[in-house]
Amino acid sequence: MNLAKVSINGQITVPVEIRRKLRVKDGDKLIFVENKDGEIIIKNSSIIAIKEAQKELKDVKIGEDEILNDIMELRYSKDGEK
């Protein structure tokens, strides 16, 4: 079992063992989900987003190079649009 203390500002420090299991890095966001039994589950939102994107794109026939080129084009365009 791991313990975290809540600060006066409502902040907590996630124990290192839990950060490793969630694969949480500096700047990542966590999601707090309540299950049907009322328990709160903490998840790494980045991992969830990647898994959802993979499900949505599983039938898309685009190569990795094309995806990388599209990302780089968006990242380095002046206004963020193609």
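What you see is a predicted model, and the numbers here were worked out from it, not measured in a lab.

A.B. asks: Account for the pairing of strand E2 (residues 40-44), with residues named and values stated.
C.D. replies: One ladder, built from 5 bridges, connects strand E1 (residues 30-34) with E2; its direction is antiparallel. If you follow Glu34 over to E2, its bridge partner there is Ile40. Counting the residues between successive antiparallel strands, the hairpin from E1 to E2 contains 5 residues, one of them, Gly38, with a positive phi of roughly 85 degrees.

A.B. asks: Quick rundown of the side chain of Asn44? Include the residues and the values.
C.D. replies: On the secondary structure map, Asn44 appears in strand E2. Here the side chain of Asn44 touches Leu22 through a polar contact of 3.0 Å, landing on its backbone oxygen. A distance of 3.0 Å separates a polar side-chain atom of Asn44 from the backbone oxygen of Arg23. The contacts of Asn44, once residues within four sequence positions are left out, are Leu22, Arg23, Val24, Asp28, Lys29 and Leu30.

A.B. asks: Now, about a positive patch on the surface: what can you tell me, with residues and values included?
C.D. replies: Among the surface-exposed residues, Arg23, Lys43, Lys51 and Lys55 lie close enough to one another that they form a single positively charged patch. By the secondary structure assignment, Arg23 is in the loop between helix H1 (16-22) and E1.

A.B. asks: A description of the side chain of Ser45 should follow, citing residues and the corresponding values.
C.D. replies: Tracing the sequence through the fold places Ser45 in helix H2 (residues 45-57). A polar contact is formed between the side chain of Ser45 and the backbone oxygen of Lys29, at a distance of 2.9 Å. The residues touching Ser45, leaving out its near neighbours within four places in the chain, are Lys29 and Ile31.

A.B. asks: How would you sum up the environment of Asp28? Please name residues and give values.
C.D. replies: Among the structural elements, Asp28 can be located in the loop between H1 and E1. Here the alpha-carbon distance between Asp28 and Ser45, two residues 17 residues apart in the chain, equals 7.5 Å. Sequence-distant contacts of Asp28, that is, excluding residues within four places in its chain, are made with Arg23, Asn44 and Ser46. Reaching out from Asp28, the side chain makes a polar contact with the backbone nitrogen of Lys25 at a distance of 2.8 Å.

Cut-off values and rules
Residues numbered from 1 in each chain as written. Predicted model: local features only at pLDDT ≥ 70, side-chain atom pairs only at ≥ 80, totals over all residues. Heavy atoms only, no water. Pairing = 2+ DSSP bridges. Helix = DSSP H or I, 4+ residues; strand = E, 2+ residues; numbered from the N terminus. Polar contact = N/O pair within 3.5 Å; in protein donor to acceptor, adjacent residues only side chain to side chain. Contact = heavy atoms within 4.5 Å. Patch = residues over 30% accessible without salt bridge, like charges linked within 9 Å, V, L, I, M, F, W, Y side chains within 5 Å. Areas by Shrake-Rupley, 256 points an atom, 1.4 Å probe, with all protein chains shown as cover. Salt bridge = Lys/Arg side-chain N within 4 Å of Asp/Glu carboxyl O. Lys, Arg positive; Asp, Glu negative; His and termini not counted. Charge placed at Lys NZ, Arg CZ, Asp CG, Glu CD.

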